Amino acid sequence: MKEPDQDTGNKPLQSFKELIVWQKAYQFALKIYKETGGFPKSEIYGLTSQLRRCAVSIVSNIAEGYQRQHLGEYIQFLSISLGSCAEAETQLLLAQDLNYMSKISCDPCLVLLKEISKILQVMIPKLKGK
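Conventions we followed
- Just so you know, the residues in each chain are numbered from 1, in the order the chain's sequence is written.
- In keeping with the predicted nature of the model, local features appear solely for residues at pLDDT of at least 70, side-chain atom pairs appear and are counted solely at 80 or more, and the whole-chain, interface and lining totals rest on all residues.
- Side-chain figures throughout are based on the complete set of non-hydrogen atoms in the structure, without hydrogens or water.
- Lines fitted to the C-alpha atoms define the axes, with helices restricted to the stretch that makes contact. Angles between their N-to-C directions range from 0 to 180 degrees.
- Secondary structure elements are taken from DSSP: a helix is a run of H or I of four residues or more, a strand is a run of E of two residues or more, and numbering for both begins at the N terminus.
- Orientation labels follow simple angle bins: below 35 degrees gives roughly parallel, above 145 gives roughly antiparallel, 65 to 115 gives roughly perpendicular, and whatever is left gives oblique.
- Here a crossing is taken to be left-handed if its near helix is turned anticlockwise relative to the far helix by less than a right angle, and right-handed if that turn runs clockwise.
- Ten residues, namely Ala, Val, Leu, Ile, Met, Phe, Trp, Tyr, Cys and Pro, are considered nonpolar, four, namely Asp, Glu, Lys and Arg, are considered charged, and the remaining ones, Gly among them, are considered polar.
- Summary of the burial criterion: residues with accessible area below 20% of their type's maximum are buried, those above 50% are exposed, and those between are partly exposed, where the area comes from a 1.4 Å probe applied to protein chains only.
- Note on definitions: salt bridges are taken to be side-chain nitrogens of Lys or Arg within 4 Å of carboxyl oxygens of Asp or Glu.

Chemist: Help me understand the packing of helix α2 (residues 47-67) against helix α3 (residues 71-97), please; the structure alone is not making it clear to me.
Modeler: Two quantities define a packed helix pair, namely the angle between the axes and the distance from one axis to the other. Remark: α2 packs on α3, axes separated minimally by 8 Å, with the N-to-C direction vectors making an angle of 160 degrees. Compared by their axis directions, α2 and α3 come out roughly antiparallel. The two elements α2 and α3 meet at a crossing, and its hand is left-handed. Taken together, the residues of the contact of α2 with α3 break down into 15 nonpolar, seven polar and two charged.

Chemist: Explanation requested: unusual backbone geometry in the structure shown.
Modeler: Note on backbone geometry: most residues besides glycine have negative phi, and most peptide bonds are trans. Even without glycine at this site, Asn99 takes up a positive phi of about 65 degrees. The exposure class of Asn99 is exposed, given its relative accessible area of 67%.

Chemist: Would you mind going over the pattern of salt bridges with me for this structure?
Modeler: Pairing between side chains becomes possible if they bear opposite charge and their charged atoms approach one another. The full count for this structure, using the stated rule, is four salt bridges. A salt bridge links Lys103 to Asp107, with the shortest nitrogen-to-oxygen separation between them at 3.0 Å. Linking Lys103 with Asp107, this pair stays in helix α4 (residues 103-128), spanning four residues, or about one helical turn. For Asp107, a relative accessible area of 28% translates into the label partly exposed.

These figures capture arrangement, not role.
Structural data, given as structure tokens:
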């Protein structure tokens, strides 16, 4: 799907990798993988796995939706990413309250996640208006 992005005006994007929301989501996924590396081994199939899958879901659904041939599909995949943002926020708060992450390491993740969510919350209605 060749959609104009907020940064490029009317110039169509050549790849989902040019989407700022994808770039931020990709950074979020990398950050989550690094942060969850220090979680207790007993959480490898629990919160560690859930949070990693959630972070990967956010960035992957943005990419997959962009590649779809129909605008409705793109919007649906962005909506799934937005839902995964809420899921990730919940899991980050759990990780912090369980003392798996310090506030110092959790807060930057939450800030980045909020940025991603805000972009998606603007993109979805704009795309629905087309």
